[in-house]
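A look at the structure
The primary structure of each chain is shown beneath.
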Amino acid sequence: MPAAPEVDDTIRLSPKPFMSTEELAELLDVDPSTIRRWRTVPPLQGPPFIQISDRVVKYVTADVERWISARRVYPKAA
């Protein structure tokens, strides 16, 4: 009997390769200050980010998709 195909349950968010702090905050429905706190106050939280300069931070959309997918909770059947 052939094995069942693997399911890719990664959440697809955007065709854009990068997103800003503000775009990520809008996506998650949180204030941008929450995103900034996640990446600056220990313990660091949130998806991986790229520090372009002192004032510019970007998030790779694929990283954000994986980060969100990893937090998906599947409740047990009752």
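Below or above, wherever it landed, is the structure these notes cover.

Rules and cut-offs
Residues numbered from 1 in each chain as written. Predicted model: local features only at pLDDT ≥ 70, side-chain atom pairs only at ≥ 80, totals over all residues. Heavy atoms only, no water. Salt bridge = Lys/Arg side-chain N within 4 Å of Asp/Glu carboxyl O. Buried < 20%, exposed > 50% of the residue type's maximum accessible area, 1.4 Å probe, protein only. Core = buried A, V, L, I, M, F, W, Y, C linked by side-chain atoms within 4.5 Å. Helix = DSSP H or I, 4+ residues; strand = E, 2+ residues; numbered from the N terminus.

1. Side note on the pattern of salt bridges
Summed over all chains, the structure comprises 3 salt bridges. The salt bridge partner of E23 is K16, with a shortest N-O separation of 2.5 Å. For E23, a relative accessible area of 32% corresponds to the partly exposed category.

2. Considerations on the nonpolar core
In summary, soluble globular proteins display a tendency toward joint burial of nonpolar side chains. The biggest cluster of nonpolar side chains holds 10 residues, and these are M19, L24, A25, I35, W38, V57, Y59, V64, W67 and I68. Elements represented by at least two residues in this core include exactly α1 (21-28), α2 (32-40), β3 (57-60) and α3 (61-70). At 3 residues, the largest contribution of residues to this core is made by α3.

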